[in-house]
Amino acid sequence: MAGKILFIGGTGNVSSACSRLAVASGRPLYLLTRTARPLPGATALVADAKHASSIRTALGNLEFDAVVNFIGFEVQDVQRDLEVFAGRCGQYVFISSASCYTKPWLAPITEDVPLANPVWDYSQKKIECERFLEQAAKQPGCPPITIIRPSLTYDTVIPVPLGGWTEWTIAERMLAGSPAIVHGDGLSPWTVTHSEDLAPGLVGLLGNSAAYGEAFHITGDEVQTWDQIYTKLALALGVKANLVHVASETIARVMPDRLGSLLGDKSHALVFDNSKLKRCVPSFKQQIPFEEGIARTVKWFMADPGRRRVSAQMHAQLDHLATLV
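What counts, and where the lines are drawn
Residues numbered from 1 in each chain as written. Predicted model: local features only at pLDDT ≥ 70, side-chain atom pairs only at ≥ 80, totals over all residues. Heavy atoms only, no water. 1 Å grid on protein atoms, 1.4 Å probe; cavity = no way out; pocket = protein on both sides within 12 Å on 5 of 7 lines; lining within 4 Å. Points joined across faces, edges and corners; volume = space filled by probe spheres on them. Helix = DSSP H or I, 4+ residues; strand = E, 2+ residues; numbered from the N terminus. Pairing = 2+ DSSP bridges. Axes fitted to C-alpha atoms, helices over the stretch in contact; angles between N-to-C directions. Contact = heavy atoms within 4.5 Å. Parallel < 35°, antiparallel > 145°, perpendicular 65-115°, else oblique. Left-handed = near helix turned anticlockwise from the far one by under 90°. Nonpolar A, V, L, I, M, F, W, Y, C, P; charged D, E, K, R; others polar. Buried < 20%, exposed > 50% of the residue type's maximum accessible area, 1.4 Å probe, protein only. Polar contact = N/O pair within 3.5 Å; in protein donor to acceptor, adjacent residues only side chain to side chain. Salt bridge = Lys/Arg side-chain N within 4 Å of Asp/Glu carboxyl O. Core = buried A, V, L, I, M, F, W, Y, C linked by side-chain atoms within 4.5 Å.

## Structural notes on the layout of surface pockets
The computed volume of the largest pocket comes to approximately 1,000 Å³. Lining the largest pocket are 42 residues, with N13, V14, Y122, T153 and W165 positioned closest to its centre. For the lining of the largest pocket, the secondary-structure elements that each account for two or more residues are α1 (15–24), α4 (121–136), β7 (152–154) and α9 (259–266). It is α9 that contributes the most residues to the lining of the largest pocket, three residues altogether.

Next up, the structure:
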């Protein structure tokens, strides 16, 4: 078990639950963030994580048993971390992505599935980071490295690819009875994970020697189709979903910015085997079914009108897609 922990990030959709759990477990937690956002029980270190000098100034003489980077997206991010934390870090944890796995893949995905995503640049950059870290781990003085690959994880976001995430647009459409566009036929099996289910897996790997030099995905075990995901979102809103199916390729032509996310990830069946994680963290298991979790998310959005951001452009694009069926 890790003692003193540093999260680079630690206040986002995925990482906030990890921060709360780390504090609740009694471990000294430090959060390296651009602006101090107080979390009771944690110590904020204000720095620009993109600049080594800013990080070093914030750190002073601090050393950590584990450092977790939730916001690393480029090779220079992890390269800078290894330089800054050389000699002051007992374990370095990089948050990658399950979108890096080769797809399509018929059997449940294990950590041994090769990494390749020729479509999505986000995934390609994460793969480059992993490969850099794999080589860096062979060098003298490099701390033990652990790779974490979350899949679609939610808490304060709506986990659908069109009109969701930080937007309220899809919810507004459902409440109005407007078409909710679902990519493909809506029948592909998929895995959605609440961040409070991911957190015990991640925190359980910190300071865990069985995790050194290893990669793990952390996902729930509940498998459901995209139609079921949208239907349960509508149920949480108290309405019936008006689902309209549009081919992913068609959506990508109308909305080129969604090409990578859809054709490189969400248009494929994605089911995971979490056996490796459960061997290292035997207590890990999914606690929050999606029907319960998405109801919590809707409640979070409803609690503050400022959270319910709606995009007129997204509305127009989804209305247009509905005419192409």
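Alright, that's what it looks like, and here's the rest.
## Some thoughts on the sheet that holds strand β2 (residues 29–33)
Reading across from one edge, β3-β2-β1-β4-β5-β6-β11 is the order of the seven strands in this open sheet, with parallel pairing throughout. Because the sheet does not close on itself, it has two edges, and the strands there are β3 (42–46) and β11 (215–218). The average angle at which neighbouring strand axes cross in this sheet is 20°, direction not considered. Where strand β1 (residues 5–8) meets strand β4 (residues 66–69), four bridges bridge the pair, whose relative direction is parallel. Paired with F7 across the bridge in β4 is V68. Here helix α2 (residues 52–59) sits on the sheet in contact with β1, β2 and β3, set at roughly 140° to β3. Each of β1, β5 (92–95), β6 (145–150) and β11 is contacted by helix α6 (residues 195–205), which is oriented at about 160° to β11, the strand it contacts most.

## Things to note about the packing of helix α7 (residues 226–237) against helix α11 (residues 290–302)
Where α7 contacts α11, the axes come no closer than 9 Å and their chain directions differ by 50°. It follows from the interaxial angle that α7 and α11 lie oblique. As α7 packs across α11, the resulting crossing turns out to be right-handed. Residues I229, K232, L233, L235, A236 and L237 of α7 touch α11, and the partners they reach there are F290, E291, I294, A295 and V298. By residue class, the composition of the contact of α7 with α11 is nine nonpolar, no polar and two charged.

## A look at the side chain of T191
Relative to the helices and strands, T191 resides in the loop between β9 (189–190) and β10 (192–194). Since its relative accessible area comes to 1%, T191 is described here as buried. Within the structure, T191 has its side chain in polar contact with the backbone oxygen of L270 (distance 3.1 Å).

## Points about the pattern of salt bridges
As enumerated under the stated definition, the model contains 17 salt bridges in all. In this structure, the salt-bridge partner of R20 is D155, at a minimum N-O distance of 3.7 Å. Of this pair, R20 sits in helix α1 while D155 sits in the loop between β7 and α5 (169–176); the two residues are 135 residues apart in sequence, bridging distant segments of the chain. Among the residues examined, R20 registers a relative accessible area of 37% and is labelled partly exposed. Between K50 and D77 there is a salt bridge whose closest N-O contact spans 3.0 Å.

## Considerations on the nonpolar core
Ranked by internal contacts, the top residues of the largest apolar core, which has 42 residues, are I170, M174, I181, Y230, L233 and I251. Elements that contribute at least two residues to this core include exactly β7, α5, β8 (180–183), α7, β13 (243–246), α11 and α12 (312–322). No other element matches the six residues that α7 contributes to this core. Not counting residues within four places of it along the chain, the set of residues in contact with I170 comprises I158, V160, L162, G163, G164, A180, Y230 and L233.

## Comments concerning α1
Regarding α1, the residues found buried are S15, S16, A17, C18, S19 and A22. Packing partners of the buried residues in α1 comprise β1, β2 and α6. Two residues or fewer after α1 comes G26, characterised by a positive phi angle close to 85°.

## Considerations on unusual backbone geometry
With an omega of 0°, the peptide bond running from K103 to P104 counts as cis. The backbone phi angle of W165 is positive, close to 60°, even though this residue is not glycine. For W165, a relative accessible area of 37% puts it in the partly exposed group.

The values reported here are purely geometric and, on their own, carry no functional implication.
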